[in-house]
Amino acid sequence: MKEKESAFEFEYTQTLFYFAQLWTTIGNKEKSAWYCFRTLERQLREDMLPQLDRRQWTKNAIELSSYFIEHRKFRQAILCLEASCAVAPQFNKDDEEDLQLEADIAKTWGILYLELLKQSYEVMNKLENEEKVEEKKPEKSDSVEEWIDNPKKLMILDKNLQVDNTVVPFENLDRFLSLHNSAKSSTLPKPPEMSLASTFEEAKELFVPGSFFHSLFFFFFFFFDWTVHCIGLKHLSSALHHYVLDGYVTDHVKITQKMSQMYDYLAYFENNNSNKCKMHKRRINMLSTVEEQLSPQAYLDIVQELDYEIAQAYRIMANLKVLEKKNYVYTYTSYTTNLVGCVGRKKPKKASEEKKYAKINELFLKSIHYFNKFVESYEYPPTNTTGEDPNKPREKAKIKDPNDRSQYLLAYFHLAAVLSVAF
């Protein structure tokens, strides 16, 4: 009788899995995700444990957390990630599959923190832009102070910073842990309720969910050169130890770009322009290190992305330096990637000022260099020229893809803006 009941329970679990696949095929990702959740939950039942593949369960939990991250259900995503850490078997450092699974866990944690920062930026930037339109203020205002001083605005801000805090626990996980994780806690606490950040201080200490299985302390701190570091960056950096450039080019570049984005979003909340520059300088260093090692012939799309991002970072740095100089006349938009720079300047009087302006122009020149590389890669894409006459003039290539044309033209507009202020 017990064997029949176990067989029935197994088939029921399999049916839930088939429903998840069915909803995926139909196109309803939300229902598919929750059927996957129920499948994972039932696989932890005591009568299902003989068939449990802990590695596969961990992989599925990571994928499920990615769905919840994408749909802004951060608390549920944290629960899935903590569960994946708890259920995962002891990793063998000599096993390639185990190393990749460990790297995937770290990468997903990093993406979670990145999305939290991104959502915080998007909310604050949207509110700030709406405030500018309402009051018709072209310049960047001290928006945080204005919001805090106005109770009505503060209520709007608080409402917009709220996230979906609903969480559904794995009902059978605690029983599984008590049976198989004797060295760890036998319970998995729910992640605490959370909200997004509205200031730099809140962004530094965005979330501090306690967990025995995984350190979720989300904080940023300045160290030595005041370059910002955070636990999210450490997770992504840990993933890079496995996804090295030699063998995992695409994965390595994507993770590096996500690290760059974390600096970019955090810089939005920083009020000190000098610290902003340090963050963007760190972006440039990590991106250019990768860009220099890639062949445009083999990885043209990737190199183009990196060149464009590096050019923008140099331009942001130059404009931030411009903002510190009283002899520059400038305009400034709300977000760093839309800085439009100065529209004119006075002739400096002192030699020290000359050096400062020369340094700013050097940053603009580097931005021009990478924007030129970007547009020229479309006009004269690298090809295998073996056997061809190197002196033979090349014809400018036609850009057929509409998306490529849009990005190409946008780069030219940025290039024109930089050229107009660089000298």
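Scroll up to find the structure.
Throughout, residues of each chain are indexed from 1 in the direction in which the sequence is written. Only residues with pLDDT of at least 70 are given local features in this predicted model, and only at 80 or more are side-chain atom pairs given and counted; all residues enter the totals for whole chains, interfaces and linings. Note that the side-chain values use all heavy atoms of the structure and ignore hydrogens as well as water.

Peer 1: Mind laying out the overall build of the protein, listing which residues take part and the relevant values?
Peer 2: The secondary structure listing takes helices from DSSP runs of H or I that are at least 4 residues long and strands from runs of E that are at least 2 residues long, numbered from the N terminus. Helices and strands together make up the secondary structure of the protein, namely 15 helices and 4 strands. A total of 423 residues make up the protein; the buried ones form 46% of that total. Residue pairs at least 24 apart in sequence account for 67% of intrachain contacts in the protein once pairs closer than 6 positions are excluded. For the protein, the accessible area works out to roughly 22,800 Å², and carbon and sulfur atoms hold 52% of it. Each residue gets one of three labels from its accessible area relative to the maximum for its type: buried under 20%, exposed over 50%, partly exposed in between, using a 1.4 Å probe on protein chains only. Note on contacts: a residue pair qualifies if any of its non-hydrogen atoms lie within 4.5 Å across the two residues. For the accessible areas, the method is Shrake-Rupley and the probe is 1.4 Å, while residue cover comes only from the protein chains on display.

Peer 1: Residues and numbers for the nonpolar core, please.
Peer 2: Generally speaking, a soluble globular protein has its nonpolar side chains buried in company with each other. Throughout, nonpolar core names a set of buried Ala, Val, Leu, Ile, Met, Phe, Trp, Tyr and Cys residues whose side chains join them through atoms within 4.5 Å. Core analysis: the largest hydrophobic core is formed by 107 residues, its most contacted members being Trp 57, Leu 112, Phe 170, Leu 173 and Leu 294. Domain delimitation in this document rests on an assignment produced automatically or drawn from a domain database. Looking at which domains feed residues into this core, each of domain 1 (53-129 + 198-269) and domain 2 (272-335 + 356-382 + 396-422) gives three or more. Ignoring sequence-local partners within four residues, the contact set of Leu 112 consists of Ile 69, Phe 74, Ala 77, Ile 78 and Leu 81.

Peer 1: Kindly report on the packing of helix α1 (residues 2-26) against helix α2 (residues 29-43), identifying the contributing residues and their values.
Peer 2: Close contact between α1 and α2 brings their axes to 8 Å; oriented N to C, the two are set at 160°. For the element pair α1 / α2, the angle class is roughly antiparallel. Where α1 crosses over α2, the handedness of that crossing is left-handed. Note on element contacts: α2 touches α1 through Lys 31, Ser 32, Tyr 35, Cys 36, Arg 38, Thr 39, Arg 42 and Gln 43, opposite Glu 9, Tyr 12, Thr 13, Leu 16, Phe 17, Phe 19, Ala 20, Trp 23 and Thr 24. Fitting a line to C-alpha atoms yields each axis, with helices limited to the stretch in contact; the angle taken between N-to-C directions then spans 0 to 180 degrees. Orientation is classified from the angle alone, with under 35 degrees giving roughly parallel, over 145 giving roughly antiparallel, 65 to 115 giving roughly perpendicular, and any other angle giving oblique. By definition, turning the near helix anticlockwise from the far helix through less than a right angle yields a left-handed crossing, and turning it clockwise yields a right-handed one.

Peer 1: How would you summarise the packing of aromatic side chains if you had to cite specific residues and measurements?
Peer 2: Aromatic pairing here means that ring centres of Phe, Tyr or Trp (its six-membered ring) are within 6.5 Å. Orientation follows from the plane angle: under 30 degrees is stacked, over 60 is edge-to-face, and everything else is tilted. Going through the model one piece at a time under the given rule, you end up with 18 aromatic pairs. Each ring, one from Trp 34 and one from Phe 37, has its centre 5.5 Å from the other, and the planes form 70°; the classification is edge-to-face. With a gap of 3 residues between them, Trp 34 and Phe 37 both fall in helix α2, about one helical turn apart. What makes Phe 37 buried here is its relative accessible area of 2%. On the basis of an interplanar angle of 70° and a centroid distance of 5.4 Å, the ring pair of Tyr 67 and Phe 68 is categorised as edge-to-face. Linked through ring pairs, Trp 34, Phe 37, Trp 57, Tyr 67, Phe 68 and Phe 170 together constitute an aromatic cluster.

Peer 1: Before we move on, could you go through the side chain of Thr 108 and cite the residues and values that matter?
Peer 2: Within the secondary structure, Thr 108 is located in helix α5 (residues 96-135). Excluding residues that lie within four positions of it along the chain, Thr 108 makes contacts with Ile 62, Ser 65, Ser 66, Ile 69 and Leu 81.

Peer 1: Got a sec to walk through α2? Specific residues and values, please.
Peer 2: In this scheme, a helix's expected span is set at 1.5 Å multiplied by one less than its residue total. Here α2 is 15 residues long and its end C-alpha atoms lie 21 Å apart, about the 21 Å a rise of 1.5 Å per residue gives. Turning to α2, its buried residues are Ser 32, Ala 33, Phe 37, Thr 39, Leu 40, Glu 41 and Arg 42. Considering only its buried residues, α2 is in contact with α1, α3 (54-70) and α4 (74-87).

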